[in-house]
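Here are the chains, one letter per residue:
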Amino acid sequence: DDKSKEQLFAFVKDCADQFEPSYFPILEKRSKTPYTQAQVDWQALRHGRYVEFNLVYDRGTKFGFSVPGVNIEAVLMSLPLTVRYMYKHVPPSGSPERLLLDTLTGPPKDWTS
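So, here is what we can say about the structure in this document. (Residues numbered from 1 in each chain as written. Predicted model: local features only at pLDDT ≥ 70, side-chain atom pairs only at ≥ 80, totals over all residues. Heavy atoms only, no water.)

So, about the overall build of the protein chain. Scanning the protein chain for helices and strands turns up 6 helices and 0 strands. Listing the helices and strands of the protein chain from first to last along the sequence gives α-α-α-α-α-α. Taking 2.2 N^0.38 as the reference for a compact globule, 113 residues should give roughly 13 Å; the C-alpha atoms of the protein chain span a radius of gyration of 20 Å, well beyond that estimate. Overall, the protein chain is about 50 × 45 × 35 Å in size when its C-alpha atoms are taken along their principal axes. In the protein chain, 62% of the contacts between residues at least 6 apart in sequence involve partners at least 24 apart. Within the structure as shown, the protein chain displays about 10,100 Å² of accessible surface, and the carbon and sulfur contribution to it stands at 61%. For the protein chain, the centre of its 14 positive side-chain charges and the centre of its 14 negative side-chain charges are spaced 7 Å apart. (Helix = DSSP H or I, 4+ residues; strand = E, 2+ residues; numbered from the N terminus. Rg over C-alpha atoms; globule rule 2.2 N^0.38 Å. Contact = heavy atoms within 4.5 Å. Areas by Shrake-Rupley, 256 points an atom, 1.4 Å probe, with all protein chains shown as cover. Lys, Arg positive; Asp, Glu negative; His and termini not counted. Charge placed at Lys NZ, Arg CZ, Asp CG, Glu CD.)

What follows deals with the packing of aromatic side chains. Overall, the coordinates contain 3 aromatic pairs when judged by the stated rule. With a centroid separation of 6.4 Å and 80° between ring planes, the pair formed by Phe 19 and Phe 24 is classed as edge-to-face. With a centroid separation of 5.6 Å and 70° between ring planes, the pair formed by Tyr 23 and Phe 24 is classed as edge-to-face. Residue Tyr 23 is classed as partly exposed on the basis of its relative accessible area of 38%. (Phe/Tyr/Trp six-rings, centres within 6.5 Å; stacked < 30°, edge-to-face > 60°. Buried < 20%, exposed > 50% of the residue type's maximum accessible area, 1.4 Å probe, protein only.)

As a volume, the largest pocket reaches approximately 210 Å³. Every residue along the wall of the largest pocket is listed here: Trp 42, Leu 45, Arg 46, Arg 49, Glu 52, Arg 84, Tyr 85, Met 86, Tyr 87, His 89 and Leu 101. Broken down by element, the residue count for the lining of the largest pocket peaks at 5 residues, all from helix H3 (residues 37–57). For the lining of the largest pocket, a count of residues per class yields 6 nonpolar, 1 polar and 4 charged. (1 Å grid on protein atoms, 1.4 Å probe; cavity = no way out; pocket = protein on both sides within 12 Å on 5 of 7 lines; lining within 4 Å. Points joined across faces, edges and corners; volume = space filled by probe spheres on them. Nonpolar A, V, L, I, M, F, W, Y, C, P; charged D, E, K, R; others polar.)

To continue, consider the environment of Ile 26. Counting through the fold element by element, Ile 26 comes out in helix H2 (residues 19–30). The spacing of Ile 26 and Pro 107 is 81 residues in sequence and 29 Å in space, taken between C-alpha atoms.

Okay, the pattern of salt bridges next. Under the definition given, this model contains 4 salt bridges. Among the ionic pairs, Lys 13 bridges to Asp 17, the shortest N-O distance being 3.0 Å. Of this pair, Lys 13 and Asp 17 both sit in helix H1 (residues 5–17), 4 residues apart, roughly one helical turn. Glu 52 serves as the salt-bridge partner of Arg 49, at 2.8 Å between the closest nitrogen and oxygen. With Arg 49 and Glu 52 both in helix H3 and 3 residues apart, this pair spans about one turn of that helix. Judged by relative accessible area, which is 48%, Arg 49 ranks as partly exposed. What makes Glu 52 partly exposed here is its relative accessible area of 26%. (Salt bridge = Lys/Arg side-chain N within 4 Å of Asp/Glu carboxyl O.)

Shown next as structure tokens:
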């Protein structure tokens with residue numbers, strides 16, 4: 001509340017201006033990183049969880065489906081092309097996938113200390 005609209009816009013513009021010089025070097029560095037079929041499968045599982053959330057729990061999507069005359073295909077166009085589902089899948093202990101899930105679903109961490 002203590003910043004003017006101009007100051008807030010300048011901050012947002014500065015953040016946006018930093019995207020390209022920050023993101024594209026990372027993209028260039030990582031674009032040739034090899035990956036395994038197991039990693040592709042894991043990505044498809046994560047995409048499946050996104051689709052589950054989007055179609056089952058997201059109130060905006062559920063509302064959109066209930067609007068008369070809605071173009072269902074337009075809504076579904078935002079979904080990933082490849083998804084996979086496994087019932088109660090738990091990645092192996094110690095795997096990068098398990099470490100990620102433990103980080104995302106475990107107790108909050110103080111990342112600043």
